[in-house]
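# Descriptive analysis of the structure
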Amino acid sequence: MTDWLTNINYELITRAAIILVVGFTVLFIIRKYAKKIVSDVYSVHYGMLISKIIYYAGITIIFVSILHELGFKLGPILGAAGIAGIAIGFAAQTTVSNLISGFFLVAEKPFEIGDIILVDGNVGSVLSIDSLSVKVRMFNNNFLRIPNETLLKSQMINMTRFPIRRVEFRISVAYKEDMERVRKILFEVTDKNPVALQEPAPMLIFDSFAASSVDFTFHVWCAKDEFLNLRNTLYPDIKKRLDEEGIEIPFPHVSLYKGQATDPIPIRITGDFPEMMMPKEDK
């Protein structure tokens, strides 16, 4: 034990420790400023990517420098690492596939950090784009991890790629209503909404003659950050205005009419009627 302690070259260990401490300090500083500069010039997406590349490259350089300082011959180590890398590559084909898919996602850039995406019915905000997967925070605050390969093969919708979005409102009115009057009211309501855009102009599209209503789709544009705000404000405004104007919003029911559209058929009850079904005032 004493001989082993005597043979230890404390000078080499000290130099290796200095390389370790200084190397990680310099690596942290370079990584931090490189991420900030790239994020400001390009995007947060590229900033995170550059940060990870610098981190892994710096770790490798520090590790190799420490081994060299301690007197290890790097040739055999690198040869063994190459053979081990080939074996690991065959054993981890899924990981390699995700890694390659990650490079395609970075090159294609279909979304960035903070974008809202829809993948296989899951909607959320992109937290990070990593080498193996994309992390998403869903609106119910669940954490979703999507492998890069799956994301590359799936149909993905970027809901915030462009600065404005179109909101579709489903509206139904009774057959007796004047369609041109309804159209005028809807556009007046939209003009007064502070988040609804007038360019592109709103558009009212006829959908169908349903069983008890005439159905329309009302297309209104807004800034992408005002999507939910527009939905939550314009629907109540439309309902309130239609009620004030006496416009009927139908619901599923069956009505009997004769002749005129608003003249109901009179009903008269005759004969014996079960007591349990008689009106309360007649009991």
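Now for a quick tour of the structure. Worth saying up front: this structure is predicted, and the values here are computed from it rather than measured. (Residues numbered from 1 in each chain as written. Predicted model: local features only at pLDDT ≥ 70, side-chain atom pairs only at ≥ 80, totals over all residues. Heavy atoms only, no water.)

## Regarding the pattern of salt bridges
We count it as follows: In the sections that follow, a salt bridge refers to a side-chain nitrogen of Lys or Arg positioned within 4 Å of a carboxyl oxygen of Asp or Glu. The rule is simple: take the accessible area with a 1.4 Å probe, protein chains only, and divide by the maximum for that residue type; under 20% is buried, over 50% is exposed, in between is partly exposed.
Considering all chains together, one arrives at 13 salt bridges under this definition. With its nearest N and O atoms 2.9 Å apart, the salt bridge here joins Glu-177 to Lys-176. In this structure Glu-177 comes out as buried when scored by relative accessible area, which is 10%. Classification of Lys-176 by relative accessible area gives partly exposed; the value is 48%. Overlapping salt bridges, with partners in common, bring together Arg-166, Glu-168, Arg-170 and Asp-207 in one network.

## Some details on the environment of Leu-99
Our working definition: Elements are defined by DSSP. Helices are runs of H or I of four residues or more, strands are runs of E of two residues or more, and each kind is numbered from the N terminus. Contacts between residues were defined by any pair of non-hydrogen atoms, one from each residue, lying within 4.5 Å.
Here Leu-99 is to be found in helix 5 (residues 93-108). Look at Leu-99 and you get partly exposed, because its relative accessible area is 36%. Between the C-alpha atom of Leu-99 and that of Glu-149, which follows or precedes it by 50 residues, the distance is 8.2 Å. Setting aside anything within four residues of it in sequence, one finds Leu-99 in contact with Ser-131 and Leu-132.

## Some thoughts on the sheet that holds strand 3 (residues 133-138)
Applicable threshold: Two strands pair if DSSP finds at least two bridges between them. Here, axes are lines fitted to C-alpha atoms. For helices the fit covers the stretch in contact, and angles between N-to-C directions go from 0 to 180 degrees.
Across the sheet, five strands lie side by side as 4-3-2-1-5; this open sheet has antiparallel pairing. Sheet topology places strand 4 (143-147) and strand 5 (156-158) at the edges, where each strand pairs with a single neighbour. Between one strand axis and the next, the sheet turns by 40° as a mean value, whatever way the strands run. In this structure, strand 2 (residues 122-129) lies alongside strand 3, joined through five bridges in antiparallel fashion. Residue pairing across strands places Gly-124 opposite Met-138, the latter belonging to strand 3.

## A short note on the packing of aromatic side chains
What counts, and what does not: Ring geometry is summarised as follows: Phe, Tyr and Trp rings, the Trp one being its six-membered ring, pair when their centres sit within 6.5 Å, and such pairs are stacked at plane angles under 30 degrees, edge-to-face over 60 and tilted between the two.
Tallied over the full model, the rule gives five aromatic pairs. With a centroid separation of 6.1 Å and 20° between ring planes, the pair formed by Tyr-175 and Phe-209 is classed as stacked. Linking Tyr-175 in the loop between strand 6 (164-173) and helix 7 (179-192) with Phe-209 in strand 7 (residues 203-209), this pair joins segments that are 34 residues apart in sequence. Judged by its relative accessible area of 61%, Phe-209 is exposed.

## Remarks on the sheet that holds strand 6
On the basis of which strands lie adjacent, the open sheet formed by three strands has the order 6-8-7 and antiparallel pairing. The sheet is open, and its two edges are formed by strand 6 and strand 7, each paired on a single side. Neighbour-to-neighbour, the strand axes of this sheet turn through a mean angle of 25°, independent of strand direction. In this structure, strand 6 lies alongside strand 8 (residues 214-223), joined through 10 bridges in antiparallel fashion. If you follow Val-173 over to strand 8, its bridge partner there is Val-214.

## Examining a nonpolar patch on the surface
Formally: Residues enter a patch when their relative accessible area is above 30% and they make no salt bridge; the linking distance is 9 Å between like charges and 5 Å between nonpolar side chains (Val, Leu, Ile, Met, Phe, Trp, Tyr). Where accessible areas are quoted, they stem from the Shrake-Rupley method and a 1.4 Å probe; at the residue level, only the protein chains shown are allowed to cover.
Residues Ile-18, Leu-20, Val-21, Val-22, Phe-24, Val-26 and Ile-30 make up a contiguous nonpolar surface patch of roughly 590 Å² in combined accessible area. Within the secondary structure, Val-22 sits in helix 2 (residues 10-41). The class for Val-22 is partly exposed, based on a relative accessible area of 44%.

## Notes on the pairing of strand 2
The pairing of strand 1 (residues 116-119) with strand 2 spans four bridges and is classified as antiparallel. Along strand 2, the bridge assignment pairs Ile-116 with Ser-125. Here strand 1 hands over to strand 2 after two residues, with Asp-120 in that stretch at a positive phi of 50°. Hairpin connection between strand 2 and strand 3: a loop of three residues separates the two successive antiparallel strands.

## Looking at helix 7
Turn by turn, an α-helix covers 3.6 residues, leaving residues three or four places apart pointing in a common direction. Our working rule: Every helix has an expected span of 1.5 Å times one less than the residues it contains. N or O atoms within 3.5 Å of each other form a polar contact, as long as, within protein, one can give a hydrogen and the other can take it, and as long as residues adjacent in sequence are counted only when both atoms are side-chain atoms.
For helix 7, spanning 14 residues, the distance from its first C-alpha to its last is 20 Å, which sits close to the expected 20 Å at 1.5 Å a residue. Turning to helix 7, its buried residues are Val-182, Ile-185, Leu-186, Phe-187, Val-189 and Thr-190. Taken together, the buried residues of helix 7 touch strand 6, strand 7, strand 8 and helix 8 (227-244). Between the side-chain oxygen at the start of helix 7 and the backbone nitrogen of Glu-180 there is a gap of 3.1 Å, and the oxygen is on Asp-178.

## Some words on the side chain of Arg-165
For the record, the criterion: Counted charges follow a simple rule, with Lys and Arg positive, Asp and Glu negative, and His plus the chain ends left uncounted.
Tracing the sequence through the fold places Arg-165 in strand 6. For the buried Arg-165, which has no salt bridge, the nearest side chain bearing the opposite charge is Asp-225, at an N-O separation of 8.1 Å. Apart from the residues within four sequence positions on either side, Arg-165 is in contact with Met-159, Val-220, Trp-221, Cys-222, Lys-224 and Phe-227.

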